[in-house]
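One-letter residues, chain by chain:
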Amino acid sequence: MNAQTQRIRQGALDRGFLDAAQLDAALARYQADPPAMGFGAYLQQQGLLTIAQLSALQPKTVMLSDAFAGKRFSGFFVGSKLGEGGMGVVHRCYHEQSGAQAVIKFLSPDLAAKRSWRTRFVATGRMLEGVQHPALLRVFAVESRGEHPYVIMELVEGETLEELLMRRGPLAGREVAWLGRELALGLEAAHEHGLVHRDIKPSNVSLGDGGKAVKLLDFDLAKSLNPDLGPTRAGQGARVDE
C-alpha cells in the first residue's frame, strides 16, 4: 500500500466516512484489478464517498478550480463548471465559431504528473475519438500536451436511467428490451475499438430527447484490450490558446 492510499484509508477511517471493514473490502477490490486512478477517486466512483468527503481527504492542490473559465482550448471557450471529483473537473464549453455546446474534461494535476496515467487517459480518449455510434459520446478533441490533459466531448442533457427509475419505478418489458439492445450495440462498437467499459450502471446511462436517445457515459474505469495500455481512463491533455 503506497503512502497516498494509506493516507486516504486512514483519513476516511478517522473522519468516520467508512468503517475498517468497508475500507479493507474496497482496498482488496482496488488492488485485485487496479484502475488508473487513486484509491480516493475509486471510493468515490464506487459510491462509498461523496465528492465533498473526497475533497476533505485530499490536498487542496489536487482539486481543480474555476481557473479554466473563459480560456480557449482546441477552438472551444470554457464556460461554467459542471462537476468536480478526484479525477478532475468538467466544464461546459462553446465552439468559438458555431457556438455549439460541448463538455471539456480536465485531468487533475497530480494524476497528469504521472506519465503512466496521462498515457492511459489520452489513449482512451484517442480510442473513443475513433468510435462512431449513436449510443456513445462523440469525442471532438483530445490533447495531451501541457499541465492539464483534457478531452472535449459531446454534451448530453437529460435524465439518467437512475433518475428515471427513481421517478417512475420499474420499466415496461418493451422499454427494457429496447434499452438493452441500444446499450449492447454501443458496447459492441466500443469493444471493436479495444475498449471494455467495466462500469455499466443506471447512473452511467443518459436518456435524452425525451427518453428516445440512449448514451453510455463515463469511461473512467474502462479497460483497454491492448495489453500495452492496461486499465485506462477517459480524459485528455491540455493546449491553451491565449
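Here, every reference points to the structure presented above.
No experiment lies behind these values; they were computed from the predicted model shown.

Asks: What should I look at first to understand the sheet that holds strand β10 (residues 213–216) in this one?
Replies: Remark on secondary structure: sheet strands pair via backbone hydrogen bonds, oriented parallel or antiparallel. Here we have 3 strands laid out as an open sheet, ordered β7-β9-β10, and antiparallel in their pairing. The open sheet is flanked by β7 (159–160) and β10, the only strands paired with a single partner. With 2 bridges connecting them, β7 and strand β9 (residues 205–208) associate as antiparallel partners. Of the residues in β9, the one forming a bridge with Glu159 is Leu207. Packing of helix α8 (residues 173–192) onto the sheet brings it into contact with β9 and β10, and relative to β10 it is tilted by some 45°.

Asks: Please clarify how the nonpolar core should be interpreted in this entry.
Replies: Where a protein is soluble and globular, its nonpolar side chains tend to be buried together. Residues Leu136, Leu161, Leu179, Val205, Leu207, Leu216 and Phe219 are the most contacted members of the largest nonpolar core, which totals 27 residues. Elements supplying a minimum of two residues to this core: α6 (115–129), β5 (139–143), β6 (150–154), α7 (161–168), α8, β9 and β10. Sorting elements by how many residues they give to this core places α8 first, with 5 residues. In this structure Leu161 touches Leu171, Leu179, Pro202, Val205 and Leu207, once residues within four positions along its chain are discounted. Residues Ala26, Leu27, Met37 and Phe39 belong to the second largest nonpolar core, which totals 20 residues.

Asks: I'm lost on the packing of aromatic side chains in this one. Help?
Replies: Here the distance between the centres and the angle between the planes together describe a pair of aromatic rings. Within this structure, the stated rule accounts for 6 aromatic pairs. Aromatic pair Phe73 and Phe106: ring centres 5.0 Å apart, planes at 70°, arrangement edge-to-face. Here Phe73, found in strand β1 (residues 72–73), pairs with Phe106, found in strand β4 (residues 101–107); they are 33 residues apart in sequence, far enough to count as distant. Residue class for Phe73 comes out buried when judged on its relative accessible area of 0%. You can call Phe106 buried: its relative accessible area is 0%. A ring pair is formed by Phe76 and Phe140, whose centres lie 6.4 Å apart and whose planes are at 15°; its orientation type is stacked. In this pair, Phe76 sits in strand β2 (residues 76–85) while Phe140 sits in strand β5, placing the two residues 64 residues apart along the sequence. Given a relative accessible area of 9%, Phe76 falls into the buried group.

Procedures and definitions
- Residues numbered from 1 in each chain as written.
- Predicted model: local features only at pLDDT ≥ 70, side-chain atom pairs only at ≥ 80, totals over all residues.
- Heavy atoms only, no water.
- Pairing = 2+ DSSP bridges.
- Helix = DSSP H or I, 4+ residues; strand = E, 2+ residues; numbered from the N terminus.
- Contact = heavy atoms within 4.5 Å.
- Axes fitted to C-alpha atoms, helices over the stretch in contact; angles between N-to-C directions.
- Core = buried A, V, L, I, M, F, W, Y, C linked by side-chain atoms within 4.5 Å.
- Buried < 20%, exposed > 50% of the residue type's maximum accessible area, 1.4 Å probe, protein only.
- Phe/Tyr/Trp six-rings, centres within 6.5 Å; stacked < 30°, edge-to-face > 60°.

That's the geometry; what it means functionally is another story.
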